[in-house]
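Per-entry structural report
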Amino acid sequence: MKLRRLAIERLPGIDRAFDLDELANGLNIIVGPNGVGKSRMCAAVQALLWREHAIEDGRLAASAVFELDNARWRVARDGSRHGWQRGGVDSDPPPLPGEHLHACFFLGLRDLLDDSDSAGKTLADEIRRQMSGGFDLDKVWRSFAESVSKQVGKNESKAVSAAENEIRKAEQKQADVARQEREIDALETQANDADLAQKRLVHFDTALSLRREYDEHKACEDDLAALPDALARLEGNELERLEKLDERLDEKRGERETANDALTASRTAAHDSRLDEPIEGALLAAWRGRAESLAEVERNLHVAVHEARATHEALVSRQKALGGLPNANADLSIKDDADLFSFLRESQKLATERETLEIRLAQLASHEFSAEEARRRDLLKRACESLRTWLRAPDPGRQATGGTLWPTRVQFLVAAVVLGGIGTALYFAASRTSLGLVAAGVGLGLAVVALLARVRAADSGATDWRSVAEQQFPQGTDAGSVKWTVDAVGESLRRLEQELAVLEAKQEHDKFRKVEGEQFEVDLERLETVADGLEPRRKTLAKRLGLDAVSPDAEMVDLARALDALRNAQAEHRSAVGKRDTLEEHKAQLLADVAACFTALGEIEPTDGASAKAGVHTLEERDRTLRAAQANTKQEEQTRGRLDREIEQLSEERAQIFRVATVEEDDRVALMRVVDQLARYGTLTREREEHASHIRRQEAALEAAEEGALARLDASRLADEKESLSTESKQGGNLKIKIGEIQSLAQTAREGHVLEDAIARRSVAIGVLRDRYDKALVAEAGSFLVEKIRHEHEVNQMPRVLERARHHFGAFTHHRYVLNVSPSGGASFVAVDAKSGAELSLDKLSDGTRAQLILAARLAFAEEVEQGEDLPLFLDEALEHSDPERFHAIARSLARMVAEDARQVFYLSNDPTDVARFKAAFDEEGCDQIKEFDLAAILCQAARVDGPKALCVAPLGPVPDPAGESAEGYGVAIGVASLDPTDTFGNSLYYLLRDDLYVLYEFLQERIDTVGQCRNVLKGNTTLGTKVDPVSEIRAQLESRIELFETFCLAWREGRGEKVGRAAIEASNAVSGKFFEAVVEFAEESGGDARRVINALCGRSDERFKGYHRTSADDLKRYFIDNGHIDERPDLGESEIVERALGTPAGGRLPASTTSRLLHEWWSMSPQAATRQ
Amino acid sequence: MSQFSDPDSSSTSDLILLAIGDVHLGIRPSSLPANFDNFGVKRRAITPECALESAVDYAIRARVDAVLFAGDVVESNNARFEAFRPLECLVRQLIEANIPVLGVAGNHDFEALPRLARRIDRFELLGVDGSWQSRVIHKAGRPAAEIVGWSFPEKQVRSSPVADLIRHPVAAGHSGVPRIGLLHGDLDGSGGHYAPFTSSELSQTGLDAWLLGHIHKPSLPEGTSSGGAGPRGYLGSLVGLDPGEMGQHGPWRVRVTAAGDVVPQHLPMAPLRWDRFDIRVDPDQGPEEMGDRLLDEAARFARKIQSQGSTPQVLGLRPRLVGPSRHYDALRDHTEKGHWKAISRRVGDTLVFIDKVLEDLDLALDLEDLAHGDDPPALLARKLLALKRPGDERSALLKEARSRLGGLVGESRWSVLKEQRDAQDPLSDEALSALLTRCGTAALSRLLPQVDRGARPGS
């Protein structure tokens, strides 16, 4: 396959179209300086050969003509349009190697000379892949072998070791604690010993103290033995006591004298009382009682005398009240009196009943039914009868008109006949049924009624009964005023009937009264009989009382009362006289008794109560005097005796003091000497007692503590043993602390989870290590399998290409090297030194040798894969770094290829001398198929313009004048795009200068229409920039507005994230092919809002996302967050953006009103958050 | 715990024992999610300590006749204080309830249990110092069973204690009374340091049952044993200590009938349960739908075990995706990256969370058809088919792979994993075959998209 012509219409990187024609069958050397477009030309050829081969950064328009199998194949491409023609007819492409093999036919300098292993390796990989039937076994091998590093597991193994170390440490620590815990028993024994020692120390202290007490007690004993024995009996106050005893003896003796005087005086007073013995109290009391009784009797007697006198006067008065009666002084009995009153009550009762009956009879008589009332009753009866007759009578007027409600006789008769006939007929026709009888009966009844009506009509028509009644109405009633109308007559009838009823009722009552009066008469007669029975009793009483037998009952009552009063007066008088006499007798008796006593004791005889009481008082005084004298005498005698005894006792005590001190009585000096030693004696005695007490107490304490033996030890031994115990006891505290610490440690160890945690960490580490192990096994096993497959395949398939490559490489290097493939997986080709046998990898080879090796491999592979359809070989400066010798060798190889294989070769070079070098090599090989093209000259030729038209340029359109335009109108006029805060500097300058359209106009005239351009102008040293005065207000304003706008855009983007599109979604690898297009579509629909995309996927709210898994959505979301498509910060509202912008220096430089207005305008014109979900 | 109320308490004529396997007090279950504290369940509630509290509570409420510990009650690393305290407290509770407590020491608590026995008079540790010892348990004043036990005298014992028992039998305490062996050790293990013994040795002892400790996976058969041989097997751990300890865990209620039958019943009282189940994915099911599917399947699984009487507080699950998938890579990528790890759902009283998603997916293609070519996928398909079929090719491949992976496996950085109680040999035929199958499938899934199948040379 030969390239005959190449025509480039448009190719990025090349300014003009050009045409390469008449290309040689052999080597075509295309020379041109760097940048002229040689490499781009190669790319264009590839894009023409393979439709899927794209020009990276632009649109290609080119065509080429190939010759294959004696046919001309034309291929043209314009952008994505690509088509082949064979012989001028559209055709399928000719059989070509796959596009992925393009590197086999297009070799660049970079491919050959890149000293990194990757270049050769890539090539080797590709060759090997193709040798493997198009399968990239290396890639699969790498997917295993490189999925885990060689070091995998080491860190994890170390982590396990670290965890195990941690466990061991924790175990060791617990072992230590356990060991210490085992020591606790011994430690506690030691601690108990220490406690015991501590306790014994106290006893040793006691024993030592006891030892000191013994010594001091003995010293006291010795001192006491040197003092007089009498000191033991002295109290030390003997001298003071002696003084006091002397004083008390003197005092007692004086008191004894005084007592003698008092005794004499009391004896004299007893004599003066004139009584030998004291009077008994009872006697005196009796005498006093009698005297007082006497006085009381005298007072009662006086009252009794007056009462007797008063009753006598009352008696006389009562007698006078009855003085006219013959038996005034008669002694009336109680019975008489009762009879009299009984009689009087019965008489009075009888009189009352009689009076009542008489009154009732009188009342009955006053209500008798009179004759007048009887006459009136009869009159009323007749009148009422007349009136009733009148009312019952028919109205003569209505009767005359014949009006009546009753059916006519004819009607009745007709009805009777008809019914009778029907009845008869039915009777006979219907077998004499009851129905016929009923009908006949009804007819007969009607006939009877008709006959009665006939009689009645005859009567009413004969008499006017109302007139008759009016005429019969009796006179003497109220009829005269009666109007003979129905109403008036009815009214009169009711009135007269009422009056008649009253009279008839009264008549009936009169009948009853008469019966009652007759009963009263009988009762009255009975009472008269009883009254007659009382008369004999009256007479008897009057006779007995001396009253007039006909006296009325009232007088008899008064008499009875007077007699009763007289009787009472007599009784009272007799009582008063008796009482007086009794009292007089009692008084005389009392006087006699008192007088006898008084006389015996030398007192005057009393005459009355008062003198008796005075005498008794005198006797009482005398008795008291005697008694007092006798008591004083006795007391003084006792006092004198007591004083005598006390004086004797004091004298004895005084003598005793001297005796106790063992000195002569009254030898005060000797006594004083003894007493002076008493203080020391006392001190010694107390000390001795104290020591003895201490000794007893301490001995008891030791015995109680079973340490009695200590009391028998000497002091030095006690001190030694105490020192030893003290040392032992001091260790007790430390031991307890240590025990506590150990127990605390053990407790902590029991309750903690240190080891459990460490074991858990080891489990986790082992789990991770196991995971790495599994992966390593997979990697190793996978590598093993792939290598095995590759080896088997290479054994069968690879040698053909390898041999061809070896052939080329040997030729290129004059057989100094042999090409080989590294046996290790994934490695590249190697060159084996023919002499040393050393294998040299690509990075160890010189540039030239490496280029030769790769070229050889590529040529061999190209020959293999093209399967007879030998494509042109393009070498783009491929031999630039080859030394002349190798260049020559390669050139000769190419010449042989051209000559022997008829392969067309294109060599592109920037070195014109390469042409000569190739020609020399080709000459040596006897090949003349070589042609040179100067691409620069060709391009220069193509650059020439065709004519003046090509140089015509359309003038720039005018910028609209803002005069008279509103901001909005001007924006429309200049075609402003919507404000997009996500593209800060791509926004129109209009948004910054819509309040000053003339300044905007100036910028637009300079073709500065975006914020970014304006910023660059102001920052750079452009002409326009210099036009804007660096210190002018406009420049300052613009700079500040740009800065403010930048702040606004940044703040607006916060929380809203970057837009997402196809590229981001694809890059996330979180959306499978099944959902990819749907997600991209949704992202475009939602304006690139990543949050909405995620929400839709998670909620599966869109039908297109049914089945999309949540975890994939989470992956996608994570990608969006990581790449800034989702900003998890909250969206900022207008106020927050304004607040933030105002805080910037730009916000401070601009007038506040301008800042606020601009921010509000930008916010209002920006896409609102309302569209978000 | 009400569901574990004892149906026929010790008032019946049968002897009721509560046998407890490896408790490992002092450690707590691992592999809990990092956000476990947000699940509303306290970590302590799923610890061995809490599980033992529940078992003791059950024993007291059910008035069992004795409680047996089969060793490793305490984790050796933490046997002195932290774990010892709750053990002592709980054993005292049993003793105060007049429930005899017997036990044998395991390799983890060969020091701790003797210490416990010294501290608590009525806690009876059988076979101290490595000698066999028996203890008759009475029921209603009559001997009902004899427990024959042996304790680890030191951390490692290389000889078979059962062989020693055969040589020096322990005289029966009472004739006619069932004899139950209580032992901690390695049954049918290939030697080792943990009192290895064999099933045949157990048979030779003539004991009526063997309650074993050491292996955390329960293996004691439930119900009345058939065929004459009494029940024997591991009691298992009281609670699954890591995701490897799957399935039902808890104490065993062992009923000794008047006729001498020993009838074990497993009580699934463990507050934490680990488990695994397979999810057959739809070939077209992608990872987007898999999260919900996982939770639904997890909830279904939880309800299933609840219906079987197991109501753990926490259920950690390792679902395994199986079946052919056209989203093999995506699903595998998600599982490897742990996308579904720690998602949770509450099912009744049980909190269910996904500990890890495993995959054993197949590619949705015909390996036999693919293997007909001579390109790398065909070669790979042939390898995968060979792994499925026993034969020389498989053996050769495994041998070669074992040789290749042996270096990696033997590296010291992994040595700690081999010391774990649940360590498995990754180079065993089964493990290696599974590994190669997974890797081969993954490789195939990465190869095939590289080239259009229709244009693939040699296809």
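Residues numbered from 1 in each chain as written. Chains lettered and ligands numbered in written order. Predicted model: local features only at pLDDT ≥ 70, side-chain atom pairs only at ≥ 80, totals over all residues. Heavy atoms only, no water.

Brief notes about the overall build of chain A
Secondary structure summary: chain A contains 40 helices and 14 strands in total. Taking all 1173 residues of chain A together, the buried fraction comes to 43%. Within chain A, counting contacts between residues at least 6 apart in sequence, those at least 24 apart form 73% of the total. Within the structure as shown, chain A displays about 63300 Å² of accessible surface, and the carbon and sulfur contribution to it stands at 51%. (Helix = DSSP H or I, 4+ residues; strand = E, 2+ residues; numbered from the N terminus. Buried < 20%, exposed > 50% of the residue type's maximum accessible area, 1.4 Å probe, protein only. Contact = heavy atoms within 4.5 Å. Areas by Shrake-Rupley, 256 points an atom, 1.4 Å probe, with all protein chains shown as cover.)

A few points about the pattern of salt bridges
Residues and elements named next belong to chain A. What the rule picks out here adds up to 108 salt bridges over all chains. Residues Arg668 and Glu243 are paired through a salt bridge, measuring 3.3 Å at the closest nitrogen-oxygen approach. Of this pair, Arg668 sits in helix α19 (residues 668–676) while Glu243 sits in helix α8 (residues 238–272), and the two are 425 residues apart along the sequence. Arg668 gets classed as partly exposed once you look at its relative accessible area, which sits at 27%. Close ionic contact of Glu508 with Lys511 constitutes a salt bridge, the shortest N to O distance being 3.4 Å. Placement of the pair is Glu508 and Lys511 together in helix α16 (residues 486–545), with a separation of three residues, close to one helical turn. For Glu508, a relative accessible area of 38% translates into the label partly exposed. By sharing partners, the salt bridges in this structure join Glu968, Arg994, Asp995, Arg1041, Arg1157 and Glu1161 into a single network. (Salt bridge = Lys/Arg side-chain N within 4 Å of Asp/Glu carboxyl O.)

Quick word on the confidence of the model for chain A
Summarising the model, chain A shows a mean pLDDT of 81, and 85% of its residues fall at 70 or more. Taken together, the stretch residues 1169–1173 of chain A has pLDDT below 50 and engages in ten contacts with residues farther than four places along the chain or on a different chain. (pLDDT = per-residue confidence, 0-100.)

Quick notes on the interface of chain A and chain B
Taken residue by residue, the interface counts 71 residues in chain A and 59 residues in chain B. Surface buried jointly by chain A and chain B totals about 5600 Å² across both partners, of which 61% is contributed by carbon and sulfur atoms. Of all residues in chain A, Phe135, Tyr773 and Phe784 of chain A bury the most surface against chain B, accounting for 14% of the area lost on that side. Taken together, the connections running from chain A to chain B amount to six salt bridges. Between Asp757 of chain A and Arg28 of chain B there is a salt bridge, with the nearest N and O atoms lying 2.7 Å from each other. There are 17 residue pairs in polar contact (both at pLDDT 80 or more) connecting chain A and chain B. Among the secondary structure elements, those contributing two or more residues to the side of chain A that touches chain B are α5 (137–145), α6 (154–182), α21 (715–751), α22 (754–797), α35 (1073–1085) and α37 (1110–1122) of chain A. Examining the composition of the side of chain A that touches chain B, we find that 30 residues originate from one element, α22 of chain A, more than from any other. Here the residues of the side of chain A that touches chain B sort into 29 nonpolar, 20 polar and 22 charged. (Buried area = accessible area lost by both parts, 1.4 Å probe. Polar contact = N/O pair within 3.5 Å; in protein donor to acceptor, adjacent residues only side chain to side chain. Nonpolar A, V, L, I, M, F, W, Y, C, P; charged D, E, K, R; others polar.)

Thoughts on α8 of chain A
One full turn of an α-helix is made of 3.6 residues, so residues set three or four places apart face in the same direction. Residues and elements named next belong to chain A. Here α8 is 35 residues long and its end C-alpha atoms lie 51 Å apart, about the 51 Å a rise of 1.5 Å per residue gives. Listing the buried residues of α8 in full gives Glu238, Leu239, Leu242, Leu245, Asp246, Leu249, Lys252, Ala259, Leu263, Ser266 and Ala270. Packing partners of the buried residues in α8 comprise α18 (609–660), α19 and α20 (678–704). Once α8 ends, the next one or two residues include Arg274, with phi positive near 60°. (Expected span 1.5 Å × (residues − 1).)

Some words on the sheet that holds strand β5 (residues 71–78) of chain A
Residue and element names in this part refer to chain A. Spatial ordering of the open sheet is given by β2-β1-β4-β5-β6-β7, a layout of six strands whose pairing is antiparallel. Only two strands of the sheet have a single neighbouring strand rather than two, namely β2 (18–21) and β7 (89–91). Going from strand to strand, the sheet's axes swing by 20° on average, the running direction of each strand aside. Where strand β1 (residues 2–10) lies against β2, four bridges are found, and the strand directions are antiparallel. Within the sheet, the bridge partner assigned to Ile8 lies in β2 and is Phe18. Helix α1 (residues 38–49) contacts β1, β2, β4 (61–68), β5 and β6 (81–86) of the sheet and is inclined by roughly 70° relative to β6. (Pairing = 2+ DSSP bridges. Axes fitted to C-alpha atoms, helices over the stretch in contact; angles between N-to-C directions.)

Concerning the pairing of strand β12 (residues 873–876) of chain A
Residue and element names in this part refer to chain A. Covered by surrounding structure in β12 are Leu873 and Leu875 together with Phe874 and Asp876, the residues of both alternating faces. Note: β12 against strand β13 (residues 905–909), four bridges, orientation parallel. Opposite Asp876, over in β13, you have Leu908 as the bridge partner.

Quick notes on the side chain of Ser63 of chain A
Its place among the elements puts Ser63 of chain A in strand β4. If sequence neighbours within four positions are ignored, Ser63 of chain A has contacts with Arg5, Leu6, Ala7, Leu48, Arg74, Val75 and Ala76 of chain A.

Let's talk about a negative patch on the surface
Residue and element names in this part refer to chain A. Where like charges cluster on the molecular surface, the negative patch consists of Asp215, Glu216, Glu687 and Glu690. Where the negative patch is concerned, the elements lending two or more residues are α7 (184–225) and α20. Residue Glu690 is classed as partly exposed on the basis of its relative accessible area of 45%. (Patch = residues over 30% accessible without salt bridge, like charges linked within 9 Å, V, L, I, M, F, W, Y side chains within 5 Å. Lys, Arg positive; Asp, Glu negative; His and termini not counted. Charge placed at Lys NZ, Arg CZ, Asp CG, Glu CD.)

Looking at the side chain of Glu756 of chain A
Within the secondary structure, Glu756 of chain A is located in helix α22. By relative accessible area, which is 10% here, Glu756 of chain A ends up buried. Residues within four places of Glu756 of chain A in sequence aside, it is in contact with Gly26, Ile27, Arg28, Asn78 and Glu82 of chain B.

Some remarks on the packing of helix α25 (residues 884–901) of chain A against helix α26 (residues 913–925) of chain A
Residues and elements named next belong to chain A. Taken N-terminus to C-terminus, the directions of α25 and α26 make an angle of 55°; their axes are 8 Å apart at the nearest point. Here α25 lies oblique to α26, going by the angle between them. In this structure, α25 meets α26 at a crossing whose hand is right-handed. Counted together, Pro884, Phe887, His888, Ala891, Arg892, Leu894, Ala895, Arg896 and Val898 of α25 and Asp914, Arg917, Phe918, Ala920, Ala921, Phe922, Glu924 and Glu925 of α26 form the full contact between these two elements. Within the contact of α25 with α26, the residues separate by chemical class into ten nonpolar, one polar and six charged. (Parallel < 35°, antiparallel > 145°, perpendicular 65-115°, else oblique. Left-handed = near helix turned anticlockwise from the far one by under 90°.)

Quick word on the packing of aromatic side chains
All names here are of chain A. On inspection of all chains with the given rule, the structure shows 23 aromatic pairs over all chains. Here Phe887 and Tyr907 contribute two aromatic rings whose centre-to-centre distance is 6.3 Å and whose plane-to-plane angle is 85°, an arrangement assigned as edge-to-face. Taken together, the residues Phe887 in helix α25 and Tyr907 in strand β13 connect sequence positions 20 residues apart. Tyr907 matches Phe887 in its accessibility class, with the two residues each being buried. Members of the aromatic cluster, connected to one another through ring pairs, are Trp50, Phe106, Phe874 and Phe906. One Lys or Arg, Arg466, reaches over the ring of Trp390 and ends 4.1 Å from the middle of that ring. Against the face of Phe887 rests Arg917, its NZ or CZ located 3.8 Å from the ring centre. (Phe/Tyr/Trp six-rings, centres within 6.5 Å; stacked < 30°, edge-to-face > 60°. Lys NZ or Arg CZ within 6 Å of the ring centre and 35° of its normal.)

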